[in-house]
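# Breakdown of the fold
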Amino acid sequence: MRRTFGAHGHLIHDPATGLTHRAPRPAPPGRLTLDDRDVTTWPIAPPAKQNRSTPLSICWSPLVRCNLHCPQCLDDTSLPEAGRPERHRIAGVLADADILGIDISGGEPLLLPDLADLARTVTAGGKAALSVTTNGWHLARRADELAEVIDAIRVSLDGPDPHSHDTIRGAGSFTRAIDGIHAARAAGLTVQTQMVLMNSTKTHAQRAIDLAAHLGVGGVTFLQMLPIGAAADLTAEMLTDAEATDILNRLDAPPDLRVRLRSREAASGFTVIRADGRVWRNSPHAAQITGLRPLHQATDLTLTGKDGSA
């Protein structure tokens, strides 16, 4: 299947998986349509090992509001939430930034009436591939609208059935997410599911893969829980990167389903634009996140440390 990626030279960013690959031949910079079967055969390019002055990709969380209250949430709900004019100003800054991929998250981004307009502004820069991460509650009613303006959607599932998922996210949330996935696929969106890997969810990992295959999505990303936001109170739920890797190595996935682990090590130095309009960056091994500076212009995203840190 041919779909949109973010490209710069040999670096190709996949908005579905969040991974950046190294292409055998340089590509022109900007948004580029490629065959995903080719891209997935190319080696991964770890962000920390790239000699760049700006991040390969970022997460933008323009709101802290959410209709669900997940205990492992990374967001800081005490932050002030910028209004519509500020959101659109930030979207314009990101459109000009030398970034291969942008993921709009939250809070719950589908609560924003102007989400599609923000997406249009970001992609009008012609540089970054754009994804949205959602709990899926409102996805069925907004799938057609989003299919016109984003390149991939990531739907969070904390369990492979209503009981396991709804115990964490709330009654009815599993059915709403599954309905949203069906609607997104029918609208032509590239869909990826993701699950936060914790002691309480690790036993569901194989069934999460089986469900993804049944739904016909492109892949599953297992996210190591980070001790940030509300999740800072869940240290007993945390797995080491070695434990998480061992779990994934024992899973059985169809060859056409892409399964990825986002380890804490991989989350080191990752850049987030939070709802307060400031640039935040994860510490080494993502043990905490630090606010650096307001995002006034694209140069405010500049990395200064050799490891990609601030």
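What you see is a predicted model, and the numbers here were worked out from it, not measured in a lab.

## Structural notes on the overall build of the protein
Counting its regular elements, the protein contains eight helices and twelve strands. For 310 residues, the compact-globule formula gives about 19 Å, and the C-alpha radius of gyration of the protein, at 18 Å, lands near that figure. Expressed along its principal axes, the backbone C-alpha trace of the protein runs to roughly 45 × 45 × 40 Å. Within the protein, the fraction of its 310 residues that count as buried is 56%. For the protein, the share of sequence-separated contacts (at least 6 apart) that also reach a separation of at least 24 residues comes to 68%. Considering the protein, the positive charge centre built from 32 side chains and the negative charge centre built from 34 side chains are found 4 Å apart.

## Remarks on helix H8 (residues 241-249)
Of the residues making up H8, those classed as buried are Asp241, Ala244, Ile247 and Leu248. Taken down its axis, H8 places every buried residue within 125° of arc, on the same side. Residues of H8 that are exposed and point over 90 degrees away from its buried face: Ala242 and Asn249.

## Considerations on the side chain of arginine 274
Along the polypeptide, arginine 274 turns up in the loop between strand E10 (271-273) and strand E11 (278-282). Ignoring any residue separated from it by four or fewer positions in sequence, one finds arginine 274 in contact with Ser61, Leu74, Asp75, Asp76, Leu79, Ile228, Trp280 and Ile289.

## Structural notes on the layout of surface pockets
Roughly 440 Å³ of internal volume is contained in the second largest pocket. If you trace the second largest pocket, you find 23 residues lining it, with Met1, Asp36, Gly216, Val217 and Gly218 closest to the centre. Looking at the lining of the second largest pocket, the elements that each hand over two or more residues are helix H1 (36-39) and strand E7 (191-197). Across the lining of the second largest pocket, the residue classes break down as nine nonpolar, eight polar and six charged.

## Quick word on the nonpolar core
Counting residues in each nonpolar core, the largest one holds 59 residues, and the members touching the most others are Trp60, Ile102, Ile150, Ile153 and Phe222. The contacts of isoleucine 153, once residues within four sequence positions are left out, are Val132, Thr134, Leu139, Leu146, Ala184, Leu189, Thr190, Val191 and Gln192. Listed in part, the nine residues of the second largest apolar core include Leu79, Trp280, Ala286 and Ile289.

## Observations regarding the packing of helix H2 (residues 84-96) against helix H3 (residues 115-124)
Any two packed helices are characterised by the angle at which their axes cross and by the distance between the axes. The N-to-C vectors of H2 and H3 enclose an angle of 25°; their axes lie 7 Å apart at closest approach. Of the possible angle classes, the one that applies to H2 and H3 is roughly parallel. With respect to the hand of their crossing, H2 and H3 are arranged in right-handed fashion. Facing H2, whose interface residues are Arg84, Arg87, His88, Ala91, Gly92 and Ala95, H3 presents Asp117, Leu118, Thr121 and Val122.

## Brief notes about the pattern of salt bridges
All told, the structure shown has 17 salt bridges when counted by the stated rule. A salt bridge links aspartate 103 to arginine 154; its shortest N-O distance comes to 3.9 Å. Separated by 51 residues along the polypeptide, aspartate 103 in strand E4 (residues 101-104) and arginine 154 in strand E6 (residues 152-156) bring together distant segments of the chain. The pair formed by aspartate 103 and arginine 154 is uniform in burial state, with each residue classed as buried. Connected through shared salt-bridge partners, Arg84, Arg87, Asp114, Asp117 and Arg120 make up one network.

## A short note on the sheet that holds strand E8 (residues 219-224)
As summarised here, the arrangement of the ten strands in space is E9-E8-E7-E6-E5-E4-E3-E10-E11-E12, forming an open sheet in which the pairing is mixed. Both edges of this open sheet fall to strand E9 (258-262) and strand E12 (289-294), since each of them pairs with a single strand only. Between one strand axis and the next, the sheet turns through 25° on average, direction left out of account. Of the pairings in the sheet, the one linking E11 to E12 comprises five bridges and is antiparallel in character. Residue pairing for E12: arginine 278 is matched across the bridge by proline 294. Of the strands in this sheet, E7, E8 and E9 touch helix H7 (residues 205-215), which is tilted by about 150° from E8. Sheet strands in contact with H8 are E7, E8 and E9, and its direction is about 170° off that of E9.

Conventions we followed
Within each chain, residues carry numbers counting from 1 in the order of the written sequence. The predicted nature of this model means local features are confined to residues of pLDDT at least 70 and side-chain atom pairs, given and counted, to a pLDDT of 80 or more, with totals for whole chains, interfaces and linings taken over all residues. The side-chain quantities take in all heavy atoms of the structure and omit both hydrogens and water. By definition, any uninterrupted DSSP run of H or I lasting at least four residues is a helix, any uninterrupted run of E lasting at least two residues is a strand, and each is numbered from the N terminus. Only C-alpha atoms enter the radius of gyration; for comparison, a globular chain is expected to reach 2.2 Å times N to the power 0.38, where N is the number of residues. Categorising residues by exposure relies on relative accessible area from a 1.4 Å probe, with only protein chains included: less than 20% of the type maximum marks a residue as buried, more than 50% marks it as exposed, and the intermediate range marks it as partly exposed. The contact rule is simple, with two residues in contact once any of their heavy atoms fall within 4.5 Å. The positive count covers Lys and Arg only, the negative count covers Asp and Glu only, and His and the chain ends enter neither. By convention, the charge on Lys lies at NZ, on Arg at CZ, on Asp at CG and on Glu at CD. Arc definition: directions from the helix axis to the C-beta atoms. Using a grid of 1 Å spacing that covers the protein atoms alone, one calls a set of points a cavity when a 1.4 Å probe fits there but cannot get out, and a pocket when the set is open and has protein on both sides within 12 Å along at least five of seven lines; lining residues are those with an atom within 4 Å of a point. Grid points are joined across faces, edges and corners, and a volume is the space filled by probe spheres set on the points. Under the scheme applied, nonpolar residues are Ala, Val, Leu, Ile, Met, Phe, Trp, Tyr, Cys and Pro; charged residues are Asp, Glu, Lys and Arg; polar residues are all the others, including Gly. Side-chain atoms within 4.5 Å are what join buried Ala, Val, Leu, Ile, Met, Phe, Trp, Tyr and Cys residues into a set we call a nonpolar core. Helix axes are fitted to C-alpha atoms over the stretch in contact, other axes to C-alpha atoms as well, and angles between N-to-C directions run from 0 to 180 degrees. Oblique is the label for any angle not covered by the other classes, which are roughly parallel (under 35 degrees), roughly antiparallel (over 145) and roughly perpendicular (65 to 115). Definitions for this section: a left-handed crossing has its near helix turned counterclockwise from the far helix by less than a right angle. A right-handed crossing has that turn clockwise. Each reported salt bridge corresponds to a side-chain nitrogen of Lys or Arg within 4 Å of a carboxyl oxygen of Asp or Glu. Strand pairing follows a simple DSSP-based rule, namely that at least 2 bridges must link the two strands.

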